Amino acid sequence: MREMSNIYETALSSGAAGAATGAIIALAASGSLSIVTGTLSLAGTALAWGEIGLAASFAGSALAAGAALTPLAAVAAPVVFFTGISASIKADENLEKAETMYAEADAAAEKMKLAETLCGAIGERAKMFKDLLDELDEVFSECTEELSNMVRKKTGGSLTKTIDANTLTEKELELIGVTRSLAGAVKSIIDTPILNKEGNLTDESEKVYEKISGVLPEFVTFANEVNEINEVNEVNEDKDEALPEENSSGLGVRSCCDDILANVYKYDIGGKVEALVDNLQDEKSKLCDAIAELRKETNVSKDKFNAYISDIFASKSENRKERDKFKKLLVDKFGEAERKGRNMFEAGILGTLEDIGYSIRNAVKENTSTEKLLKEKKAQLASNEELTEEIKEQVLDFIRSMAECIDDFVQKVNKFESQEELYSYTELDYPEYMEYGSNEFEYPTKVKAKAACKTAVGFMVDAVKEKYEKQRDEIISCTRKYYLGLENKFNGFIDEFIETYDDYVAVECDDDKTREYVSSRKAELFGKESLEKEALEYNLRTKFHMLVNERFGASSTEIFNKRKYFTMCEYAEDEERYCYMMEAACNGIYEEANRSLMEEAEIFPENVFKEYIMAIVSFCEILKNKLAKL
Amino acid sequence: MPIPFLIAGLGVAAGALGVMGHSEAKETNEKAESVSRKAQKLYEDAKDSLEIVQKETQETLLDLGYSKKNVLEGSIKEFLQV
């Protein structure tokens with residue numbers, strides 16, 4: 001069903017607020033809408049909905065007519081008229097009248113208590129339905145998306161092509177079946193009235209709730225399986241994805257901006273970034289300027305530049321968790337105020353760009369330094385009259401091979417990914433203020449309440465700090481474990497490089513004299529002892545510890561400033577007893593400590609990686625400089 | 001001569017009775033006022049409490065209604081368009 005216009009219209013999305021509210025409540029309570037217009041077209045479906053589908057019954061659901069219920073009218077307060085005491089009638093009559101009013105008020109109050117109970121039950125049932133519908137819809141929308149992708153692939157995007165059921169795999173058939181069941185479950189939740197005409201809870205809603213909440217876990221399991229399969233497919237597709245074709249060459253530096261943006265948009269959800277970029281020309285211009293600057297700085301061709309970008313994005317997209325995190329960050333931030341959204345956009349996109357730039361700089365550095373090395377070496381050898389042309393050529397080939405070996409290593413570490421879990425941290429527990437004696441009226445004077453509050457805040461801050469430090473250590477430890485592999489690679493490379501030297505002597509140096517010459521320089525230039533000594537300067541473990549001290553050394557002082565939280569306390573008095581209230585202090589420290597942890601969880605591993613890569617690249621530069629001395 | 005005294009005496013007695021009767025009526029009226037006030041308070045308190053709960057319930061129903069609306073306009077629409 002490709003065309004379906006206006007399933008229902010819209011007292012919901014426009015029109016008088018009161019009418020809209022009434023319609024929404026009616027939809028909530030009864031599952032039907034009284035104000036419905038529009039038509040349904042059943043033409044052009046790729047899947048045979050006649051067999052699979054619930055389309056017609058959904059239309060029925062949306063179109064179900066009926067008087068809009070005003071469910072809460074049934075629990076309206078009964079009216080009691082109160083009249084004043086009159087001087088013109090006898091006192092006894094006044095009293096009698098007042099007692100009658102009291103009896104009526106009492107009866108009305110009883111009815112209202114009952115109504116309150118009913119309201120509470122309605123609210124509870126509505127909440128249960130809402131939660132269930134939300135959970136169900138999360139799974140349903142995932143499966144629908146998968147189904148939509150599957151149909152698009154099978155039909156090649158054609159609106160008229162239908163799918164032969166025989167061409168579907170078992171998993172695809174299962175996807176159709178489960179999505180259909182989910183649609184049925186969603187439909188039940190929407191259609192089932194939770195209130196009857198009298199405004200009472202229906203038994204039917206209870207039964208439907210029990211039935212659907214019982215099968216929800218199976219749906220969730222299926223959706224997870226589909227997701228896992230999809231993740232694998234996405235990775236494969238990302239790997240296979242061809243680089244964007246270049247239409248022309250030699251375009252200006254700014255001209256590749258759109259290509260780069262297109263790559264950035266791969267991180268987009270629902271076109272939000274793209275829409276924002278289009279709306280915020282300033283940001284786009286800033287982004288393009290940054291790209292232009294980067295290209296100018298790196299001085300690489302457009303083709304090469306794009307190849308680097310695509311490579312970086314392709315390798316990044318293999319890490320779904322990373323990508324999802326980035327997406328989530330953008331979506332969360334876009335949900336906030338526009339100003340914040342803009343700032344985030346700037347930080348997010350330009351931050352990404354910075355990462356891109358960083359990787360490009362390294363990639364370019366490795367290539368240009370090799371080219372430069374060979375060029376210089378060639379010039380140097382040319383002036384050496386003692387060596388024959390053959391020897392010169394062999395020495396150059398040897399140097400090229402060794403330099404390539406170094407470049408390969410740099411490339412590998414640039415794409416490093418460990419098997420370890422990098423992001424497994426949870427949020428801190430909320431410090432329950434009641435556990436710290438807050439809100440208890442037990443102090444005879446305000447000053448005593450203040451003193452007690454100070455002590456309580458001290459305990460609370462210490463407790464949160466302890467948990468914070470535990471989590472922080474966890475971040476450090478996870479990062480350490482994650483990058484231990486990189487450290488090992490680096491240390492292993494030194495041994496490997498020495499071995500490779502001998503191997504390349506055998507491969508590239510055919511002439512005895514060349515072999516003798518190159519081998520004789522090995523001990524001096526690349527002796528194990530000398531290399532290890534050089535490597536010590538770039539010791540990754542030391543760099544890690546330096547980073548730990550730098551990032552975490554003083555950062556917690558401000559977060560755990562007891563005085564700051566003590567000033568957030570409030571005090572109250574009741575019957576000459578005082579209490580302190582530390583809810584604001586608990587909220588404050590909770591938010592601050594959590595924010596700091598989450599930021600560190602994000603930034604610290606990135607910094608470690610960058611620091612490691614810089615150290616490795618610098619060390620490799622030293623190796624190349626040594627090669628130049630051959 | 002004693003008659004006027006008697007009359008006068010009766011007048012005094014009647015006056016005393018009138019004062020007593022008025023005082024009782026005042027008390028009764030005050031009691032009636034008090035009962036009336038209590039009745040109104042009882043009613044108003046119950047009404048206020050009910051109105052709060054009604055408002056909460058209405059908000060919860062609105063939440064559910066909007067969820068249904070979003071699902072109808074979101075995933076169900078998408079599902080029907082597949």
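The model shown is predicted, which means the values in this text are computed figures rather than measured ones.

A. Up close: the overall build of chain A. Along chain A, the regular secondary structure elements total 20 helices and 2 strands. The buried share of chain A, reckoned over its 630 residues, is 28%. Counting only contacts in chain A whose residues sit at least 6 apart along the sequence, the fraction spanning at least 24 positions is 82%.

B. Up close: the overall build of chain B. In terms of helices and strands, chain B carries 2 helices and 0 strands. Counting every position in chain B, which comprises 82 residues, the buried fraction comes to 33%.

C. Representation of the confidence of the model for chain B. Residue and element names in this part refer to chain B. When pLDDT is averaged along chain B, the result is 74; 73% of the residues meet or exceed 70. Confidence drops under a pLDDT of 50 for residues 1-19, and excluding neighbours within four residues, the segment shows 0 contacts in the predicted structure. In the model output, the complex is listed with pTM 0.41 alongside ipTM 0.75.

D. Here's a closer look at the packing of helix α13 (residues 389-414) of chain A against helix α20 (residues 583-628) of chain A. All names here are of chain A. For the pair α13 and α20, the least separation of the axes is 10 Å and the interaxial angle reads 180°. Between α13 and α20, the interaxial angle falls into the category roughly antiparallel. Contacts from I399, M402, A403, I406, F409, V410, V413 and N414 in α13 reach I613, I616, V617, C620, L623, K624 and L627 in α20. When grouped by side-chain class, the residues that make up the contact of α13 with α20 number 13 nonpolar, 1 polar and 1 charged.

E. A look at the interface of chain B and chain A. In this complex, chain B contributes 43 residues to the contact, which on the side of chain A involves 57 residues. For the side of chain B that touches chain A, the secondary-structure elements that each account for two or more residues are α1 (2-73) and α2 (75-81) of chain B. Here the element with the most residues in the side of chain B that touches chain A is α1 of chain B; it accounts for 34 residues. Split by residue class, the side of chain B that touches chain A holds 19 nonpolar, 14 polar and 10 charged.

F. Examining the nonpolar core more closely. Residues and elements named next belong to chain A. Ranked by size, the top nonpolar core spans 60 residues in total, and within it C453, V457, M460, M582, I616 and C620 carry the most contacts. Secondary-structure elements contributing two or more residues to this core are α13, α14 (446-508), α15 (512-526), α17 (540-552), β2 (577-581) and α20. Considering each element in turn, this core owes the most residues, 17 residues, to α14. With residues near it in sequence (within four places) discarded, M582 still touches Y433, Y436, S438, C453, A456, V457, M460 and C569. Core analysis: the second largest hydrophobic core is formed by 59 residues, A98, M101, L147 and L175 among them.

G. Quick peek at the packing of α14 of chain A against α15 of chain A. Residue and element names in this part refer to chain A. Put simply, α14 and α15 touch, their axes get as near as 10 Å, and they point 170° apart. Accordingly, the angle class assigned to the pair α14 and α15 is roughly antiparallel. On α15, the residues touching I498, Y501 and V505 of α14 are R515, V518, S519, K522 and F526.

H. Here's a closer look at the confidence of the model for chain A. Residue and element names in this part refer to chain A. Within chain A, residue pLDDT values average 71, and 62% of them lie at 70 or more. Put simply, helix α2 (residues 49-52) is where chain A has its lowest mean pLDDT, 38, and β2 is where it has its highest, 92. Predicted confidence is poor over residues 1-18, with pLDDT under 50, and the contacts of this stretch with residues over four places away or in other chains come to 43 contacts. Across residues 329-347, where pLDDT falls below 50, the model places 15 contacts with residues more than four positions away in sequence or in other chains.

I. The arrangement of the pairing of β2 of chain A in detail. Residue and element names in this part refer to chain A. Summarising the sheet, strand β1 (residues 570-574) and β2 pair through 5 bridges and their orientation is antiparallel. Each bridged residue has a counterpart across the sheet, and for E573 the counterpart in β2 is Y578. In sequence, β1 turns back onto β2 through a hairpin of 2 residues, with E575 there showing a positive phi of about 50°.

J. Expanded view of unusual backbone geometry. Residue and element names in this part refer to chain A. With a phi angle near 70°, N439 is a residue other than glycine that sits in the positive phi range. Within the secondary structure layout, N439 lies in the loop between α13 and α14. The backbone of E576 shows a phi angle near 60°, a positive value even though the residue is not glycine. Tracing the chain through its elements places E576 in the loop between β1 and β2.

K. Spotlight on α15 of chain A. Residue and element names in this part refer to chain A. Between the first and last C-alpha of α15 there are 20 Å, a value that for 15 residues agrees with the 21 Å anticipated at 1.5 Å per step. For α15, the full list of buried residues reads T514, V518 and F526. For α15, the angular spread of the buried residues around the axis is 45°, confining them to a single face. Structural note: α15 exposes D512, E516, S520, A523 and E524 on the side pointing more than 90 degrees away from its buried face. Contact partners of the buried residues in α15: α13, α14, α16 (528-537) and α20.

L. Representation of the environment of F544 of chain A. Residue and element names in this part refer to chain A. With respect to the element layout, F544 can be found in helix α17. For F544, a count of 20 C-beta atoms within 10 Å puts it in the buried group. Here the alpha-carbon distance between F544 and Y612, two residues 68 residues apart in the chain, equals 8.2 Å. The contacts of F544, once residues within four sequence positions are left out, are R480 and V608.

M. Representation of helix α5 (residues 170-191) of chain A. Between its first and last C-alpha atoms α5 of chain A spans 31 Å; for 22 residues at 1.5 Å apiece the expected length is 32 Å, and the two agree. Taken together, the buried positions of α5 of chain A are occupied by L175, I176, V178, T179, L182, A183, A185, V186, I189 and I190 of chain A.

The rules behind these values
Residues numbered from 1 in each chain as written. Chains lettered and ligands numbered in written order. Predicted model: local features only at pLDDT ≥ 70, side-chain atom pairs only at ≥ 80, totals over all residues. Helix = DSSP H or I, 4+ residues; strand = E, 2+ residues; numbered from the N terminus. Buried ≥ 20, exposed ≤ 12 C-beta atoms within 10 Å, placed from the backbone. Contact = placed C-beta atoms within 7 Å. pLDDT = per-residue confidence, 0-100. Axes fitted to C-alpha atoms, helices over the stretch in contact; angles between N-to-C directions. Parallel < 35°, antiparallel > 145°, perpendicular 65-115°, else oblique. Nonpolar A, V, L, I, M, F, W, Y, C, P; charged D, E, K, R; others polar. Core = buried A, V, L, I, M, F, W, Y, C linked by C-beta atoms within 7 Å. Pairing = 2+ DSSP bridges. Expected span 1.5 Å × (residues − 1). Arc of directions from axis to C-beta.

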